[in-house]
Amino acid sequence: MTDPPDSETPALADFIGTRDSFLVIRDPQLAKTGSQARAQLRSLPFLTHFNLRHVAHPGIYDNGLRLVEYDLVANETLRENGVEDVEFPLVHYVSQEMLTGELQNEDSTYDEQDVVRRLLRARPTDATYVLVTDTNTPKMPRLTKKPGKSFIDEFECSVADYKGLLKRYLQYNLDSALPLSTTQNLCFHQVSAHHKHAGIEAGSIPDLFDYTRIPADSPAWGPLYYLIREDVNQVLEDYSERIREALRSWTERGPTQKVANSMLDMLELVDFEEDRLDNYRYRHQKDA
């Protein structure tokens, strides 16, 4: 892994430098629950860059905003309906607590051991299966023959740390002004690199969504169109709070309320209409 990665790498396995089709990506963010549960999907923009768009994750992560397009099957659906219709390549978000059944809420107990085992056995030969979890040694104690052993000892696979993969990608492919300590979401780094190249402020997440200043070709406009398409009939008095909560699955920390307010201000300015947003985006930026 000493050579610079190709920005057009067609497969994640090639980027990692392995021939394995079962890949375990460690992201400790998945371990956080309760009020700390946020940014669980921060790795997804990076993974979809490698054309991995079939995704399974808990339904609670899908809270109203997608920074990238993907085809979702909820983990709950896999538990209820089985894995026969799952399409590969597949990205699967499962924390260690979800694997062991230790994670519970008012509605259900998460126990993904059977689902993961069936996916590993049912997937076609060489079909890519990416398990995103919070540990290098995920365990399924009910199904693993040797107590205390990780189930990756039973299946040929490669294990990689998400932060290391992203850091390597950014080093060779993007000139982002955001530090990794601010975010490990590739989407924000892509916007930052775009704005930095345009000569405008790009060093904080709120700067990236200042719609009065950003260029018309900025990727930061994309979430507004998604919100208009998905939520135009659900405008509530607490819409700013709705957007802030929608950002939780993508953003680790920081002033998400400021970003939500910027998005809402622009949506209200254009009356939640896509045509009016187009007009503002291009005419305003042309006159600026």
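Residues numbered from 1 in each chain as written. Predicted model: local features only at pLDDT ≥ 70, side-chain atom pairs only at ≥ 80, totals over all residues. Heavy atoms only, no water.

Turning our attention to the sheet that holds strand β1 (residues 22-26). Taking strand neighbours across the sheet as the criterion, the six strands line up as β3-β2-β4-β5-β1-β6 in an open arrangement whose pairing is parallel. At either margin of the open sheet sits one strand with a lone partner, and together these are β3 (71-74) and β6 (158-161). Neighbour to neighbour, the strand axes of the sheet diverge by 20 degrees on average, direction disregarded. Bridge count between strand β2 (residues 54-57) and strand β4 (residues 90-93): two bridges; the pairing is parallel. Bridge assignment links valine 55 to a residue of β4, and that residue is valine 91. Strands β1 and β6 of the sheet are contacted by helix α6 (residues 162-173), whose axis makes an angle of about 70 degrees with β6. (Pairing = 2+ DSSP bridges. Helix = DSSP H or I, 4+ residues; strand = E, 2+ residues; numbered from the N terminus. Axes fitted to C-alpha atoms, helices over the stretch in contact; angles between N-to-C directions. Contact = heavy atoms within 4.5 Å.)

A separate point is the pattern of salt bridges. All chains considered together, the criterion is met by twelve salt bridges. For glutamate 112, the salt bridge identified is with arginine 79, shortest N-O distance 2.6 Å. Taken together, the positions of glutamate 112 in the loop between α4 (96-100) and α5 (113-122) and arginine 79 in helix α3 (residues 75-81) put the pair 33 residues apart, joining distant regions of the chain. Judged by relative accessible area, which is 0%, glutamate 112 ranks as buried. The residue arginine 244 makes a salt bridge to glutamate 241 at a minimum N-O spacing of 2.6 Å. Taken together, the residues span about one helical turn, with arginine 244 and glutamate 241 both in helix α10 (residues 239-246) at a distance of three residues. (Salt bridge = Lys/Arg side-chain N within 4 Å of Asp/Glu carboxyl O. Buried < 20%, exposed > 50% of the residue type's maximum accessible area, 1.4 Å probe, protein only.)

Below, the discussion takes up the nonpolar core. With 84 residues, the main nonpolar core has Phe46, Tyr93 and Phe151 as its most contacted residues. In terms of residue count, helix α11 (residues 256-269) provides more of this core than any other element does, six residues in total. (Core = buried A, V, L, I, M, F, W, Y, C linked by side-chain atoms within 4.5 Å.)

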